[in-house]
Amino acid sequence: MKVNKLTKLGLLTCLALIIFIVELRLPDVVPVPGVKLGLANIITVYCIYTFTPAETAMMLFSRILLGALFSGNLMALWYSIAGGALCFAGMVLLRRAADEKNMWFLSVIGAVLHNIGQITVAMIVLKSKAVLGYLPVLLISGCIAGLFTGICAQLVTGRLNSRRKNKSAEK
Amino acid sequence: MTGRKIFILITAGLLAVSAVWCVYLAMRPAGEEIVISQDGKELYRIDLSRTPYRTIEVEYKGRKNVIEIKDGEVRMTHADCPDHICIETGKLRPDTPIVCLPNRLVIEYAGGGLDGTAR
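Residues numbered from 1 in each chain as written. Chains lettered and ligands numbered in written order. Predicted model: local features only at pLDDT ≥ 70, side-chain atom pairs only at ≥ 80, totals over all residues. Heavy atoms only, no water.

Helix and strand content of chain A: 6 helices and 0 strands. Listed N to C, the secondary structure of chain A is α-α-α-α-α-α in terms of helices and strands. Overall, the C-alpha framework of chain A stretches about 60 × 30 × 30 Å when taken along its three principal axes. In chain A, which comprises 171 residues, the proportion classed as buried is 47%. For chain A, long-range pairs separated by at least 24 residues make up 73% of all intrachain contacts whose partners lie at least 6 apart in sequence. Carbon together with sulfur atoms contributes 70% to the accessible area of chain A, which is approximately 8,900 Å² in total. The distance from the centre of the 17 positive side-chain charges to the centre of the 6 negative ones in chain A is 4 Å. (Helix = DSSP H or I, 4+ residues; strand = E, 2+ residues; numbered from the N terminus. Buried < 20%, exposed > 50% of the residue type's maximum accessible area, 1.4 Å probe, protein only. Contact = heavy atoms within 4.5 Å. Areas by Shrake-Rupley, 256 points an atom, 1.4 Å probe, with all protein chains shown as cover. Lys, Arg positive; Asp, Glu negative; His and termini not counted. Charge placed at Lys NZ, Arg CZ, Asp CG, Glu CD.)

The following block contains the structure:
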């Protein structure tokens, strides 16, 4: 891997981590566990459209691991990994179907899959189907949060890539 | 353009299905019986109509949860876990259980969950 790319990925991991930690400090809007904006997803969606799946996976899992370490909530690591893995797999598969103008859709599906992954792990850990009652609420919040982060990612990617094009045109 | 329309349709469909699911869960009659279970095992089965006031202590690997039943309402009043999500959940509602993930504790109405729909 070229140093250029490695630096970019490191920088993005760092950015995602900062967003993740800052978001943890925000008060919860809805008192339902699992409902959150997931702002760090902006970086993941941006990476899906800019880097290869393997590079995105590296970024995402370093962020999840370090995020769990820095927030001191290692209990939540399994939920994050399951959610992150499912979200990542879904987004990589959908990447072919959705072009850059439909990034929001990728993000919506990613968010929804993330919630499904977390509920699945919770069901396994608790050995109870009771948590399934949370799923519809989480699906709705996932759709809204995913839409929001997706639109953010779309704006970010559009601006970053147009700047890149301008730079290469100047040369 | 067609791709975009399909995506909007899927998202709208997902939202609609979840909303209907939510309403369905909320409308379901709750019954009077609650179940407290830990690690998949049922610990207590309590009839709310016959229990005006009761506190229950549950332990898990040295950590403690206190559940309070008062006037037909159930809530978690104390938890040793780091996040206290179960306490913030407030009183038990028929559609969503009170869950303490670190202590593997679930409080739900006996009619709830998938078992309830099968009946």
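Structure shown, so let's carry the discussion forward.
Another point: helix α1 (residues 3–25) of chain A. All names here are of chain A. Here α1 contains 23 residues, and its C-alpha end-to-end distance of 33 Å stays within 8% of the 33 Å for a straight helix at 1.5 Å per residue. Restricting attention to buried positions, one finds in α1 the residues L9, L12, T13, A16, L17, F20 and E23. In this structure, the buried residues of α1 make contact with α2 (41–50) and α3 (53–71). (Expected span 1.5 Å × (residues − 1).)

The subject of this paragraph is the pairing of strand β5 (residues 73–79) of chain B. Residue and element names in this part refer to chain B. Sheet analysis places strand β4 (residues 63–70) next to β5, joined by 6 bridges and oriented antiparallel. Opposite N65, over in β5, you have A79 as the bridge partner. Remark: 2 residues form the turn of the hairpin made by β4 and β5, two consecutive strands paired antiparallel; D71 in that turn has positive phi of roughly 50°. (Pairing = 2+ DSSP bridges.)

Turning our attention to the interface of chain A and chain B. Of the residues lining the interface, 30 residues belong to chain A; the matching set on chain B comes to 32 residues. Of the roughly 2,700 Å² buried between chain A and chain B on both sides combined, carbon and sulfur atoms contribute 76%. Taken as a group, A:F105, A:L126 and A:Y134 account for 19% of the area that chain A buries against chain B, more than any other trio of residues on that side. Put simply, chain A and chain B have 1 salt bridge between them. Of the charged contacts in the structure, one is a salt bridge between B:D39 and A:K127, with a shortest N-O distance of 3.2 Å. Elements with a contribution of two residues or more to the side of chain A that touches chain B: α5 (103–126) and α6 (135–170) of chain A. At 7 residues, the largest contribution of residues to the side of chain A that touches chain B is made by α5(A). (Buried area = accessible area lost by both parts, 1.4 Å probe. Salt bridge = Lys/Arg side-chain N within 4 Å of Asp/Glu carboxyl O.)

This part takes up the environment of A:I119. Residues and elements named next belong to chain A. Secondary-structure assignment places I119 in helix α5. Residue classification places I119 among the buried residues on the basis of a relative accessible area of 7%. Linking I119 and E23, residues 96 residues apart in sequence, is a C-alpha distance of 21 Å. Setting aside residues no more than four positions away along its own chain, I119 makes contact with V131, L132, Y134, L135 and L138.

Of all hydrophobic cores here, the largest spans 41 residues; its most connected members are A:Y49 and A:Y134. Secondary-structure elements contributing two or more residues to this core are α2, α3, α4 (77–94), α5 and α6 of chain A. For this core, the element with the most residues is α5(A), which contributes 11 residues. B:I46, B:I69, B:I98 and B:L105 belong to the second-largest nonpolar core, a separate cluster that totals 19 residues. (Core = buried A, V, L, I, M, F, W, Y, C linked by side-chain atoms within 4.5 Å.)

What follows deals with the environment of A:L12. Residue and element names in this part refer to chain A. Assignment of secondary structure puts L12 in helix α1. On the accessibility criterion, L12 (11% relative accessible area) is buried. On a C-alpha basis, the gap between L12 and L65 in space is 15 Å, while along the polypeptide they are 53 residues apart. If sequence neighbours within four positions are ignored, L12 has contacts with I43, Y46, C47, F51 and M59.

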